[in-house]
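Below, each chain spelled out in residue letters.
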Amino acid sequence: MLELQELKKSFGGQPILKGVDLSVEKGDVVAILGPSGAGKTTLLRCVNFLEPADSGHMTFDGVTYDLGHMSRRDILALRKKTGFVFQNYDLFRNKTALQNVTEGLITGRKMPRAQAEALGMEMLERVGLADKAGSYPSQLSGGQQQRVAIARAMAPQPQIIYFDEPTSALDPELTGEVLAVMRDLAQSGMTMLVVTHELSFAKNAANKVAFMEEGQVVETAAAHSFFAQPQTDRAKEFLRILNQT
Amino acid sequence: MTQRLLDILAQGFTRILIPGLTMTIPMTVLAFSLAMVVALAIALAQFAKLPVLTGFSRFYIWVFRGTPLLVQLFVIYYGLGQLGLKLPAFVAGVLALGLNEGAYCAETVRAALESVPVGQLEAGECAGLTWWQSVRRVVLPQAMRTAFPPLGNSLISMLKDTSLVSNITVAEMFVAAQRMVSYYYEPFAIYLEVGVFYLFFSTLITKLERWGEKKLNAYEYK
Ligand SMILES: Nc1ncnc2c1ncn2[C@@H]1O[C@H](COP(=O)(O)OP(=O)(O)OP(=O)(O)O)[C@@H](O)[C@H]1O
Ligand SMILES: [Mg+2]
């Protein structure tokens, strides 16, 4: 469904992604793990073109793109098939929860308003926030904002949703409600690529793990085998440190 | 106060208020509308980093902020007039005021656009909006809310600056006052009176601005 080959990106001459290869099948929930600074955020941003990659190829839904030469039109078309959930939620601050969900449908995809609103309410219900449809982001808790953000990403029925540490800006007591929504989404068959520090999510909800270090995916494995028998020394070390804390 | 002075002030009430309502206010409204169009175009061109237009925008702001409004007014009215482009004085006044204030407001709007966190734009693009849709639907509404109070100040200074167009024969409030002074020779009372009219109108604008700000604050987003 999604395949990355040799994705490279540098900032100011400093290589940050040094040729990332990654493959995601339809229905996969892939957890990207790795130490801080490994390039996980940069990878997701390149995959959705928030940062232009320097080179590499992406195959999405059977079509291969040269990441070094993307046209605006291809970028927009690809974004319409994907969803993105940010670490800091980034809900539209001038819009209500429902408008946050429907904006991309109405303005981006020209869906009739009534249909978009019905779909938007359905999405808010799925994340347990139908009663907050008229609230502005400033009136919602962090966990609620992130659930609205997930509803916003789900609404257009994308082929994949990217998550960048969706719970790491939240107070610990609020992470549970967001993870529950994500588990539910994973069970519904949504393809997900999730950068996370939540080992429990990676263990229980993901079927694959991609371990990143210093700008590369150094190990990819089925989730259970990654945690049971990590292959590389770096992954072993990473898990050992995390398990201590 | 003598009876004569009271009569003069009473006369002044209508003789100054009428040009105020028929000249000063319409000129302010039209020039400010022009300033807003100019400001939005210039601020957005810079925000979009359009290569040629950004250069032009910087140049425009440099020229219009770096020269006196009175000089701009004379160039547009007398200068263009000499070259054969004779604009009615009122139109020349609207142009000069609008183009001048547009340069200042452009900086206000640009700063407001840049104050919106970049994540708002990126979230729009990730939701399947184009860059321009994200700006129009998400970034600009937030920026205009930030820009609203300083733009209100600009509107007030524009109201006061309309007095400058008395220099190119537009019969607005200040010209009416000058005429009365030369007739009655009571500069103190009459100039004070016209000052009170400006104060009245700018107070109205301030009230409108407060009211507008309250409306915007209904959303209460931070
Ligand atoms: N816009 C940028 N300009 C310059 N350097 C950047 C930029 N964005 C990221 N970097 C650098 O790229 C490297 C990887 O950053 P990235 O945010 O992708 O790491 P990460 O794996 O997401 O880390 P974390 O777990 O802390 O979120 C870091 O060294 C960072 O300083
Ligand atoms: Mg990160």
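Residues numbered from 1 in each chain as written. Chains lettered and ligands numbered in written order. Predicted model: local features only at pLDDT ≥ 70, side-chain atom pairs only at ≥ 80, totals over all residues. Heavy atoms only, no water.

### A word on the overall build of chain B
Then, number 1: Counting its secondary structure elements, chain B contains 8 helices and 0 strands.
Then, number 2: Along chain B, from the amino end to the carboxyl end, the secondary structure elements read α-α-α-α-α-α-α-α.
Then, number 3: If you line up chain B on its principal axes, its C-alpha atoms span 75 × 50 × 25 Å.
Then, number 4: Sorting the 222 residues of chain B into buried and exposed places 47% on the buried side.
Then, number 5: Residue pairs in contact within chain B that sit at least 24 positions apart in sequence constitute 76% of those at least 6 positions apart.
Then, number 6: Averaging the positions of the 17 positive and the 13 negative side-chain charges in chain B gives two centres separated by 3 Å. (Helix = DSSP H or I, 4+ residues; strand = E, 2+ residues; numbered from the N terminus. Buried < 20%, exposed > 50% of the residue type's maximum accessible area, 1.4 Å probe, protein only. Contact = heavy atoms within 4.5 Å. Lys, Arg positive; Asp, Glu negative; His and termini not counted. Charge placed at Lys NZ, Arg CZ, Asp CG, Glu CD.)

### Some points on the interface of chain B and chain A
Then, number 1: Counting residues at the interface gives 22 residues for chain B and 24 residues for chain A.
Then, number 2: Interface area lost by chain B to chain A is led by B:Glu122, B:Cys126 and B:Arg137, which between them contribute 26%.
Then, number 3: Joining chain B to chain A, the criterion identifies 3 salt bridges.
Then, number 4: Of the charged contacts, one joins A:Arg45 and B:Glu122 as a salt bridge, the two residues approaching to 2.7 Å between their closest N and O atoms.
Then, number 5: Remark: the boundary between chain B and chain A carries 11 residue pairs in polar contact (both at pLDDT 80 or more).
Then, number 6: When residues of the side of chain B that touches chain A are assigned to their parent elements, the largest contribution, 7 residues, is made by helix H5 (residues 118-126) of chain B.
Then, number 7: The class makeup of the residues in the side of chain B that touches chain A is 10 nonpolar, 7 polar and 5 charged. (Buried area = accessible area lost by both parts, 1.4 Å probe. Salt bridge = Lys/Arg side-chain N within 4 Å of Asp/Glu carboxyl O. Polar contact = N/O pair within 3.5 Å; in protein donor to acceptor, adjacent residues only side chain to side chain. Nonpolar A, V, L, I, M, F, W, Y, C, P; charged D, E, K, R; others polar.)

### Things to note about the pairing of strand S8 (residues 192-195) of chain A
Residue and element names in this part refer to chain A.
Then, number 1: Of the two faces of S8, both are covered, the one formed by Met-192 and Val-194 as well as the one formed by Leu-193 and Val-195.
Then, number 2: The sheet contact formed by strand S3 (residues 29-33) and S8 spans 4 bridges and is parallel. Bridge pairing in S8 links Val-30 to Leu-193.
Then, number 3: Pairing analysis gives 4 bridges linking strand S7 (residues 160-164) to S8, with the strands arranged parallel. Bridge pairing in S8 places Asp-164 opposite Val-195.
Then, number 4: As for the winding sense of the linkage, the β-α-β connection from S7 through helix H6 (residues 172-187) to S8 is right-handed. (Pairing = 2+ DSSP bridges. Right-handed = clockwise from strand over helix to strand, strands pointing away.)

### A closer look at helix H8 (residues 187-217) of chain B
All names here are of chain B.
Then, number 1: Given a rise of 1.5 Å per residue, 31 residues ought to cover 45 Å, and the 44 Å separating the end C-alpha atoms of H8 matches this to within 8%.
Then, number 2: Turning to H8, its buried residues are Ala-189, Ile-190, Glu-193, Val-194, Phe-197, Tyr-198, Phe-201, Ser-202, Ile-205, Glu-209 and Gly-212.
Then, number 3: On its buried side, H8 packs onto helix H1 (3-47), helix H6 (131-161) and helix H7 (173-184). (Expected span 1.5 Å × (residues − 1).)

### Considerations on the environment of B:Thr206
Residue and element names in this part refer to chain B.
Then, number 1: Residue placement: Thr-206 occurs in helix H8.
Then, number 2: The exposure class assigned to Thr-206 is partly exposed, which follows from its relative accessible area of 24%.
Then, number 3: Here Ser-202 takes part through its backbone oxygen, which lies 2.8 Å from a polar atom of the side chain of Thr-206.

### Concerning the nonpolar core
Then, number 1: Ranked by internal contacts, the top residues of the largest apolar core, which has 54 residues, are A:Leu33, A:Leu124, A:Ile150, A:Phe163, A:Met182, A:Met192 and A:Phe226.
Then, number 2: Here the element with the most residues in this core is H6(A); it accounts for 7 residues.
Then, number 3: Residues B:Ala31, B:Ala35, B:Cys105 and B:Ile168 belong to the second largest nonpolar core, which totals 43 residues. (Core = buried A, V, L, I, M, F, W, Y, C linked by side-chain atoms within 4.5 Å.)

### Description of the sheet that holds strand S9 (residues 208-213) of chain A
Residue and element names in this part refer to chain A.
Then, number 1: Taken in spatial order, the 6 strands make up an open sheet running S6-S7-S8-S3-S9-S10, and their pairing is mixed. Each having just a single partner strand, strand S6 (82-85) and strand S10 (216-222) make up the two edges of the open sheet. The average angle at which neighbouring strand axes cross in this sheet is 15 degrees, direction not considered.
Then, number 2: Sheet topology note: the S6/S7 ladder contains 4 bridges and is parallel. (Axes fitted to C-alpha atoms, helices over the stretch in contact; angles between N-to-C directions.)

### Some points on the packing of aromatic side chains
A ring pair, where both rings are aromatic, is described by two values, the distance of the centres and the angle of the planes.
All names here are of chain B.
Then, number 1: One pass over the full model with this rule turns up 15 aromatic pairs over all chains.
Then, number 2: Aromatic side chains Phe-74 and Tyr-78 sit 5.1 Å apart centroid to centroid with 70 degrees between the ring planes, which places their arrangement in the edge-to-face category. On the criterion of helical spacing, the pair formed by Phe-74 and Tyr-78 is a turn pair, its members being 4 residues apart in helix H3 (residues 69-82).
Then, number 3: On the accessibility criterion, Phe-74 (34% relative accessible area) is partly exposed.
Then, number 4: An angle of 70 degrees between the planes, with centres 4.8 Å apart, marks the rings of Tyr-77 and Tyr-78 as edge-to-face. (Phe/Tyr/Trp six-rings, centres within 6.5 Å; stacked < 30°, edge-to-face > 60°.)

### Here we look at the site of ligand 1
Residue and element names in this part refer to chain A.
Then, number 1: By nearness alone, every residue bordering ligand 1 is listed as Phe-11, Ile-16, Pro-35, Ser-36, Gly-37, Ala-38, Gly-39, Lys-40, Thr-41, Thr-42, Glu-165 and His-197.
Then, number 2: Backbone polar atom of Ala-38 to an oxygen atom of ligand 1: 3.2 Å apart, as the coordinates give it.
Then, number 3: Thr-41 is positioned such that a nitrogen or oxygen atom in its side chain is 2.7 Å from an oxygen atom of ligand 1.
Then, number 4: For ligand 1, the accessible surface in isolation is 640 Å², of which the surrounding protein chains cover 58%.
Then, number 5: For the shell around ligand 1, the class distribution of residues is 4 nonpolar, 6 polar and 2 charged. (Near = heavy atom within 4 Å. Areas by Shrake-Rupley, 256 points an atom, 1.4 Å probe, with all protein chains shown as cover.)

### Regarding the domain arrangement of chain A
Residue and element names in this part refer to chain A.
Then, number 1: With domains assigned, chain A is organised as domain 1 (2-81 + 160-244) and domain 2 (91-157).
Then, number 2: Measuring from the centre of the C-alpha atoms in domain 1 to the corresponding centre in domain 2 gives 25 Å.
Then, number 3: Contacts between the two partners involve 14 residues from domain 1, matched on the other side by 13 residues from domain 2.
Then, number 4: Taking both partners together, domain 1 and domain 2 bury about 1100 Å²; carbon and sulfur atoms supply 65% of that area. (Domains from an automatic or database assignment.)

### So, the sheet that holds strand S2 (residues 14-24) of chain A
Paired through backbone hydrogen bonds, the strands of a sheet run either parallel or antiparallel to each other.
Residue and element names in this part refer to chain A.
Then, number 1: A sheet is described by the order of its strands in space; here 4 strands give the open sequence S2-S1-S4-S5, paired in antiparallel fashion. Strands with a single pairing partner mark the edges of an open sheet, and in this sheet they are S2 and strand S5 (63-66). Neighbour to neighbour, the strand axes of the sheet diverge by 20 degrees on average, direction disregarded.
Then, number 2: Where strand S1 (residues 2-11) meets strand S4 (residues 55-60), 5 bridges bridge the pair, whose relative direction is antiparallel. Its bridge partner lying in S4, Gln-5 is registered against His-57.

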